[in-house]
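Residue-level listing of the chains:
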Amino acid sequence: MIDMSRLTWLLGEPVATGQLKANPEDFIVEEDLGFEPDGEGEHLLVRIRKNGCNTQFVAEQLARFAKVHPRDVSYAGLKDRHAVTEQWFCLHLPGKADPDLSQFDLEGCEVVRASRHRKKMRIGTLKGNAFTLVLRQISDIADVEARLEKITQQGVPNYFGTQRFGRGGNNLVQAKRWATNEARPKERAKRSFYLSASRSAMFNIVASQRLADGTVRQPMLGDALQLSGRGSWFVAKAEEFESLQPRVESGELLVTAPLPGDGPLGTLEDAEAFEQTCLSDQTDLLSLLKRERVEPARRAIMLQPLQMQWQRWDDVTLELKFWLPAGSYATSVVRELMNLDETDADITE
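In the nomenclature of an unreviewed UniProt entry, the protein chain corresponds to tRNA pseudouridine synthase D from the organism Rahnella variigena. Database annotation for the protein chain, UniProt heading Function (unreviewed entry): "Responsible for synthesis of pseudouridine from uracil-13 in transfer RNAs."

**Section: unusual backbone geometry**
If you check the backbone angles, arginine 293 has positive phi at about 55 degrees while not being a glycine. Its place among the elements puts arginine 293 in the loop between α7 (283–291) and β11 (297–300). Here the phi dihedral of glutamine 307 falls at roughly 55 degrees; this positive angle occurs in a residue that is not glycine. Tracing the backbone shows glutamine 307 in strand β13 (residues 306–314).

**What about the packing of helix α4 (residues 188–213) against helix α6 (residues 269–278)?**
The N-to-C vectors of α4 and α6 enclose an angle of 115 degrees; their axes lie 9 Å apart at closest approach. When the axes of α4 and α6 are compared, the pair comes out roughly perpendicular. Judged by the sense of rotation from one axis to the other, the crossing of α4 with α6 is right-handed. Residue-level inspection shows Ile205, Val206, Gln209, Arg210 and Asp213 of α4 in contact with α6, the latter providing Phe274, Glu275 and Cys278. Looking at the contact of α4 with α6 residue by residue, the classes come out as four nonpolar, one polar and three charged.

**Focus on the pattern of salt bridges**
In total, this model carries 21 salt bridges according to the counting rule given. As a salt-bridge pair, glutamate 86 and arginine 47 come within 2.8 Å of each other at their nearest N and O atoms. Of this pair, glutamate 86 sits in strand β4 (residues 84–92) while arginine 47 sits in strand β2 (residues 43–51), and the two are 39 residues apart along the sequence. Using a relative accessible area of 10% as the deciding quantity, one classes arginine 47 as buried.

**Brief notes about the sheet that holds β11**
Read across the sheet, four strands follow the order β9-β8-β10-β11 without closing on themselves; strand pairing throughout is antiparallel. A single partner strand is all that each edge strand has here, and the edge strands are β9 (233–235) and β11. When the angles between neighbouring strand axes are averaged without regard to direction, this sheet yields 45 degrees. The pairing of strand β8 (residues 224–227) with strand β10 (residues 253–259) spans three bridges and is classified as antiparallel. Note on β10: the bridge partner recorded for leucine 227 is leucine 253. Across the face of the sheet, α4 comes into contact with β10 and β11 while running at roughly 135 degrees to β10. Contacting β8, β9 and β10, helix α5 (residues 241–249) crosses the sheet at an angle of about 90 degrees to β10.

**Remarks on the environment of glutamine 276**
Mapped onto the fold, glutamine 276 is located in helix α6. Note on glutamine 276: relative accessible area 45%, which makes it partly exposed. Taking the C-alpha atoms as reference points, glutamine 276 and valine 206, 70 residues apart in sequence, are found 9.2 Å from one another.

**Considering the pairing of strand β1 (residues 27–32)**
Across a regular strand the side chains alternate sides, sitting on one face of the sheet and then on the other. Of the two faces of β1, the one holding Phe27, Val29 and Glu31 is buried and the one holding Ile28, Glu30 and Asp32 is not buried anywhere. Here β1 runs beside strand β6 (residues 128–135); their pairing, made up of six bridges, is antiparallel. Bridging across to β6, isoleucine 28 finds its partner in threonine 132. Judged from the three bridges that link them, β1 and β4 form a sheet pairing that is parallel. Opposite valine 29, over in β4, you have threonine 85 as the bridge partner.

**Focus: the packing of aromatic side chains**
Aromatic rings in a pair are described by how distant their centres are and how their planes are angled relative to each other. Enumeration according to the criterion identifies six aromatic pairs in this entry. Seen in terms of ring centroids, phenylalanine 160 and tyrosine 329 are 6.0 Å apart; in terms of plane orientation they differ by 70 degrees. Their pairing is edge-to-face. Residue phenylalanine 160 is located in the loop between β7 (156–157) and α3 (170–179), and its partner tyrosine 329 is located in the loop between β14 (317–325) and α8 (330–335); the two are separated by 169 residues in the primary sequence. You'll find phenylalanine 160 and tyrosine 329 in the same group, each marked buried. An aromatic cluster is present here, built from Phe27, Phe131 and Phe322 joined pairwise through their rings. The ring of phenylalanine 274 has arginine 210 lying over it, and the distance from NZ or CZ to the ring centre is 5.6 Å.

**Describing the confidence of the model for the protein chain**
Averaged over every residue, the pLDDT of the protein chain is 93; the share at 70 or more is 97%. Predicted confidence is poor over residues 342–349, with pLDDT under 50, and the contacts of this stretch with residues over four places away or in other chains come to 30 contacts.

**Focus: α6**
Burial in α6 covers these residues: Ala271, Phe274, Glu275 and Cys278. For α6, the angular spread of the buried residues around the axis is 95 degrees, confining them to a single face. Buried-residue contacts for α6 involve α4, β10 and β11.

**Some remarks on α3**
Every buried residue belonging to α3 is among Asn171, Leu172, Gln174, Ala175, Trp178 and Ala179, and all of these are buried. The buried side chains of α3 occupy one side of the element, clustering within an arc of 160 degrees when seen end-on. One or two residues past the end of α3 sits asparagine 181, with phi positive at roughly 60 degrees.

Conventions used here
Residues numbered from 1 in each chain as written. Predicted model: local features only at pLDDT ≥ 70, side-chain atom pairs only at ≥ 80, totals over all residues. Heavy atoms only, no water. UniProt positions renumbered as here; feature names shortened; annotations may be inferred. Helix = DSSP H or I, 4+ residues; strand = E, 2+ residues; numbered from the N terminus. Axes fitted to C-alpha atoms, helices over the stretch in contact; angles between N-to-C directions. Parallel < 35°, antiparallel > 145°, perpendicular 65-115°, else oblique. Left-handed = near helix turned anticlockwise from the far one by under 90°. Contact = heavy atoms within 4.5 Å. Nonpolar A, V, L, I, M, F, W, Y, C, P; charged D, E, K, R; others polar. Salt bridge = Lys/Arg side-chain N within 4 Å of Asp/Glu carboxyl O. Buried < 20%, exposed > 50% of the residue type's maximum accessible area, 1.4 Å probe, protein only. Pairing = 2+ DSSP bridges. Phe/Tyr/Trp six-rings, centres within 6.5 Å; stacked < 30°, edge-to-face > 60°. Lys NZ or Arg CZ within 6 Å of the ring centre and 35° of its normal. pLDDT = per-residue confidence, 0-100. Arc of directions from axis to C-beta.

As structure tokens, this is what we get:
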């Protein structure tokens, strides 16, 4: 089980409690591809607003409706079933006419728009997501609003949320069974989930310790630093170390933590030693990632929500809007605001 309460908060543990998902309409996600469809090509992009359906199920129903193989329908990412979400699906229709989507009848789904595109949409082909959340039964709304003001300036820890680890943390449990040769998953999709859970858990461990030590904005020698808004990173070397400190403090550069795999962590010297110490009791999972030849990566420890705005509906209810880059979790924002029932946080983003 992933105990998010053991991870370090940026602003300290919240004093307020509340509900995140009293109903699906309290959690709205709008996918942002970061580009417009080409208007031509052999792929048809279909934007669907759904409520009560998971992404894979909708993809299967679209394939059946369009009379194509399920592998010819793709999407950028999974979205929660118990939420109102808008996302794009991509149908490969070379030499075929567009299906009459006005006849696509699936309970809880509505076709918003459709357009042709030249390239296939793959997992991760999106810029980010816009969120509209309604927080209810807030026990201390003044404290939540004070925290929102600070988050606007300081951001939040970029933790992977509980949904990354499966219901009850099962993905990580199964990964550990696989790592110790107790059980090897047969399905490719499950193997992928378990490997992702493993490296996500280790990222959270390292990120939490940096926050606990107060060094998330104080670079170590050998740190892997990322330019804000960019995916690439570089190592902080001794000859340039002094000039990097103000850039990290300003948020121009972000300290990263590892997504381990088959290769070096990416850090050197002090930072590498720190990360190795943090992960010293994760030998089984590290061996699994190496054995499965997973490519290592880095992820920024801090996350800055954009376009943040909020409105108090009454003394116990607040509507919150913000935008996050792809791969980040709205629940990691809410975690800094108030304590939730674990069932409220079981959301795929």
